[in-house]
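Geometric and topological summary
Residues per chain, in single letters:
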Amino acid sequence: RIRLEAEALRGGSGAAAGGGGGGDDVEMADAPGSGKHQYKHVDLQDLEFQKGSRLMTNKSCQLPEGSYRSANKDYEEVYVPPLKAKPFEQEEKLVKIESLPEWSHAAFAGMTSLNRIQSRVSGCALYSSDNMLVCAPTGAGKTNVAVLTMLHEVGLHVRPDGSVDRGKFKIVYIAPMKALVAEMVGNFQKRFQDFGLKVSELTGDMGLTRYQLKDTDIIVSTPEKWDIVTRKTRNKSFTQLVKLVIIDEVHLLHDDRGPVLESVVARTIQQVESTHEMTRLVGLSATLPNYQDVAMFLRVDLDKGLFVFDNSFRPCPLEQHFLGVTLKKPLQRLQLMNQLCYDKVKNDAGKHQVLVFVHSRKETVKTAKYLREQAIADDTLNKLVPETSASKEILSAEVGSCKSPDLADLLPYGIGVHHAGLSRSDRTLVEDLFSDGHLQVLVSTATLAWGVNLPAHTVVIKGTEVYNPTLARWDELSQLDVMQMLGRAGRPQFDQFGVGIIITSYNELQFYLSLFNQQLPIESQFVKQLADSLNAEIVSGTVKTVSDAATWLGYTYLFIRMLRNPVLYGISVEDLEADPLLQRHRGSLVHSAAIVLEKHGLIKYDRRNGGFQGTDLGKIASTFYVSNQTISTYNRYLKPNVGEMELCNVFCLSEEFKNIVVREEDKLELAKLLERVPIPVKENIEDPTAKVNVLLQAFISRLSLDGYVLSADTSFVVQNAGRLMRCIFEIILRHGWAQATYKALNMCKMVGRRMWLNQTPLRQFEGIPADTLRRLE
């Protein structure tokens, strides 16, 4: 049924049935008695920001007093001095923990008072239910602000005997990364165990059943996972119990994942308005220039709930050095970056500890060995490990316990490496030696910035390009990673200030200067995901017409930024004057998104009255978080007689893998893997779909891979595999093709369990010798 439906829509009969006339522009009544609106068809791709999260709308960057630039032969350096802490105001004082309500003290065990930022916001956070936006530098203690708002909610449900009435409320904390989610779960479990509250993680790795969701009081989730939960109408009774939503790193609205945050907030505000039951929204963010726009988006009262703190409130002031390399040739640029990194390390070695961040596991060892060779050549090794120090003996003694030969080779020279490829014991050893001050220099990947709190006086970020498997190319680091890394600079208990050094390309210099000096305006990326987000709202039943959808767009950050900066979002000044609330433009955006969805068979769109009706394909797309292009591809190529080979081929055509490419260095290993995978691959090895197919089968077969980039590509394919295979299974199931359904279900199981159907089920258990398994088979 849905195949016929989709084919009819693709053939144009859907448009004819809708009475849309000759073109895609339509005229329809916006609401009963409101007259007619002319909605134009706009190309949504033209309205997307091509630079995505790297978009800079500020023309220049004003640096603090005392900053200067110095131009060198092959690079330019910009110095920004540390901002001095502002003196306390007349009535300002730190809030003592003992002055807070007695029942709340357990959440602050080991603390005597709140810090300056927490003290300033405590009145609003703990004693009111107003929405809040708190903008403060990394490391300023925003987690405790979140705890204060949680305690306010808990306090409303404390019984006379001191116990908490758990069934009356839920709290949701949204963090952008799995590592951050896991860290917060551990933190909140300790803080709220005395209250008898249950804290659970909700990410791609950790799902929760409906019973577990019901039994949880504080849910820590990624934006995508919470978006999926709130999309499902069967979860309405649960989501209505959510009384507090805390969004950490809300400045990620500017990122490619920003549209998810916009969807979640818009859905929450709509729910508040329709049910008249309050859900408090709290945003935590780095300091940004257009904080008032973000505050309006979160429905914050600017006089009561908006708190903005600049870099002078950082617990340890930050001295910033930005080095922009002008060389274009990759090898020369890398050599210069290594030399600049060594010069900066040499300046501080012996006086302060230095943390150097690089962006691949191999690069940690290469950089560490380069620093060692240069120190030997310059005769500066005694700065790293003085001959007479106890550290020299300790480092020499620990070499024997290292499992990694590279680490054992470097430790005696006072240099360590840290990345996820090291054994747990080696990572712990390096962390302990660095925190005890025996290691002077530690070269690490970003895992250290997220997982372990190991601050150093000086942090160097050597290069800002990292491999991005989504784009299948080297891309600039995310804002979040860079801010987290520099957040490790300076130890408040030891240092008067920290030093943060970024070595990047000259083209990116302006971006990082703007980012770290609060001059990078946060824009909306919502147009990129407009069609898929609209489909989700149609499926959930909150949007039934173009008029409903235009109203829904009014809850997004996109709407606020369109009003603030219309020209950037493709709206002329004349259009804004004629339509001050952009009702017509919002209708045109929705109308254009609806045409895209209709073309791919996800909705039926009646253009006479602007009505939407979801289809089975639309429901599947929303449930499995799949783009409309991917669903359309699946629907086109799936047939009743598909086998495992065809299923793999259709999977590889997913829009999610459109950026994957076959590199010259991949071909040899892919050719070897091709001989070992069980399902034949017909395509040429140079075809990207063949690469996706081989990597998927290699994952199921548990084959080992060489090469960082190929491993990263495999991780990306695997991250999406379970979800996309289930989506394929659902489409075939709805078609009613029994044989194909059976094969698709088996394929889902094979991906989930990493084993083929002809292998023994005992492979699912660890610890059984490989020889025994082979004999059984």
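The structure reproduced in this document is the subject of the present report. Per chain, residue numbering runs from 1 following the sequence as it is written. Only residues with pLDDT of 70 or above have their local features reported here, since the model is predicted, and side-chain atom pairs are shown and tallied only from 80 upward, although totals for entire chains, interfaces and linings are computed over all residues. Think of the side-chain values as coming from all heavy atoms in the structure, minus any hydrogens and water.

**Some points on empty space enclosed by the protein**
Filter applied, for reference: Method remark: on a 1 Å grid restricted to protein atoms, a set of points is classed as a cavity if a 1.4 Å probe fits but cannot get out and as a pocket if it is open with protein on both sides within 12 Å along at least five of seven lines; lining residues have an atom within 4 Å of a point. Grid points are joined across faces, edges and corners, and a volume is the space filled by probe spheres set on the points. Under the scheme used here, helices are H or I runs from DSSP no shorter than 4 residues and strands are E runs no shorter than 2 residues, and both carry numbers assigned from the N terminus.
Considering all chains together, one arrives at eight cavities of 30 Å³ or more under this definition. Pro137, Thr138, Asn311, Met483 and Phe516 are, among the 15 residues lining the largest cavity, the residues nearest its centre. For the lining of the largest cavity, the secondary-structure elements that each account for two or more residues are β12 (318-325), α19 (479-486) and α20 (509-516). Taken as a whole, the second largest cavity holds about 80 Å³ of empty space. Lining the second largest cavity we find Tyr342, Val345, Lys346, Ala349, Leu371, Ala375, Thr380, Leu384, Ile415 and Val441. When residues in the lining of the second largest cavity are grouped by element, the largest group, three residues, is from helix α12 (residues 330-348).

**Here we look at the pairing of strand β21 (residues 611-614)**
This is how it is decided: Whether two strands pair depends on DSSP finding at least two bridges between them.
Where strand β20 (residues 603-606) and β21 come together, four bridges link them in antiparallel fashion. Bridge pairing in β21 links lysine 604 to glutamine 613. Taking the residues between adjacent antiparallel strands as the criterion, β20 and β21 are bridged by four residues, where glycine 610 takes a positive phi near 75°.

**Let's talk about the sheet that holds strand β7 (residues 199-202)**
Just so we agree on the cut-off: Only the contacting stretch of a helix is used when fitting its axis, a line to C-alpha atoms as for every element, and angles between N-to-C directions run 0 to 180 degrees. Two residues form a contact once any of their heavy atoms are found within 4.5 Å.
Pairing in this open sheet of seven strands is parallel, and the strands run β7-β8-β6-β9-β10-β5-β11 from one edge to the other. Looking at the sheet topology across the chains shown, the edges are occupied by β7 and β11 (306-308). Geometrically, the sheet is characterised by an average inter-axis angle of 15° between neighbouring strands, direction not taken into account. For strand β6 (residues 170-174) and strand β9 (residues 242-247), the ladder comprises five bridges, and the chain directions are parallel. Bridge pairing in β9 places tyrosine 173 opposite isoleucine 246. Packed onto the sheet, helix α4 (residues 116-127) meets β5 (132-135), β10 (280-285) and β11 and runs at close to 165° relative to β5. Here helix α5 (residues 142-155) sits on the sheet and contacts β5, β6, β8 (218-221), β9 and β10; the angle it forms with β10, its principal contact strand, is near 170°.

**Digging into the side chain of serine 263**
Short version of the rule: Between buried and exposed lies partly exposed: a residue is buried under 20% and exposed over 50% of the maximum accessible area for its type, with that area taken using a 1.4 Å probe on protein chains only.
Here serine 263 lies in helix α10 (residues 258-275). Its relative accessible area of 3% is what places serine 263 among the buried residues.

**Examining the nonpolar core**
Quick reminder of the rule: Residues belong to a common nonpolar core when they are buried Ala, Val, Leu, Ile, Met, Phe, Trp, Tyr or Cys residues joined through side-chain atoms within 4.5 Å.
Counting residues in hydrophobic clusters, the biggest one holds 153 residues, and the most contacted among them are Tyr173, Phe188, Trp226, Leu534, Phe612, Leu638 and Phe651. Considering each element in turn, this core owes the most residues, 10 residues, to helix α31 (residues 708-735). Apart from residues lying up to four places away in sequence, phenylalanine 612 is in contact with Leu534, Ile538, Val543, Lys544, Thr545, Val546, Ala549, Val590, Ala594, Ile603, Lys604 and Tyr605. Membership of the second largest hydrophobic core comes to 69 residues, among which are Ala286, Ala375, Leu477 and Phe516.

**Some points on the pairing of β9**
We apply this condition: Handedness of a crossover: with both strands directed away from the viewer, a clockwise path from the first strand across the helix to the second marks it as right-handed.
The element β9 is extensively covered by neighbouring structure, given that six of its six residues are classed as buried. One ladder, built from four bridges, connects β9 with β10; its direction is parallel. When the sheet's bridge partners are listed, leucine 244 is paired in β10 with arginine 280. Remark: the β9/α10/β10 crossover connection has right-handed handedness.

**A few points about the sheet that holds β12**
Read across the open sheet, the eight strands follow the order β3-β4-β12-β19-β16-β13-β15-β14; overall the sheet is mixed. Each edge of the open sheet carries a strand with a single partner, namely β3 (68-71) and β14 (415-418). In this sheet, adjacent strand axes meet at a mean angle of 15° when their direction is disregarded. Looking at chain direction, strand β13 (residues 354-357) and strand β16 (residues 458-462) are connected through four bridges and run parallel. Following the sheet pairing, phenylalanine 357 is matched in β16 by isoleucine 461. Sitting on the sheet, helix α13 (residues 361-377) touches β13, β14, β15 (441-444) and β16, and the angle it makes with β14 is about 170°.

**Overview of the pattern of salt bridges**
As a reminder of what qualifies: Salt bridges are counted wherever a side-chain nitrogen of Lys or Arg sits within 4 Å of a carboxyl oxygen of Asp or Glu.
Overall, the coordinates contain 38 salt bridges when judged by the stated rule. Linking arginine 267 and glutamate 537 is a salt bridge whose minimum nitrogen-to-oxygen distance equals 2.9 Å. In this pair, arginine 267 is assigned in helix α10 and glutamate 537 in helix α21 (residues 530-540), connecting sequence segments 270 residues apart. Residue classification places glutamate 537 among the buried positions, given a relative accessible area of 0%. Between glutamate 730 and arginine 734 there is a salt bridge, with the nearest N and O atoms lying 3.9 Å from each other.

**Comments concerning a nonpolar patch on the surface**
In plain terms, the rule: Without a salt bridge and with relative accessible area above 30%, a residue can belong to a patch; like charges are then joined within 9 Å and nonpolar side chains (Val, Leu, Ile, Met, Phe, Trp, Tyr) within 5 Å. The Shrake-Rupley method, run with a 1.4 Å probe sphere, supplies the accessible areas, and residue values consider only the shown protein chains as cover.
Taken together, the side chains of Leu762, Phe765 and Leu776 make up a nonpolar region of the molecular surface, amounting to roughly 300 Å² of accessible area. Inspection of the secondary structure assignment puts leucine 776 in helix α33 (residues 770-776).

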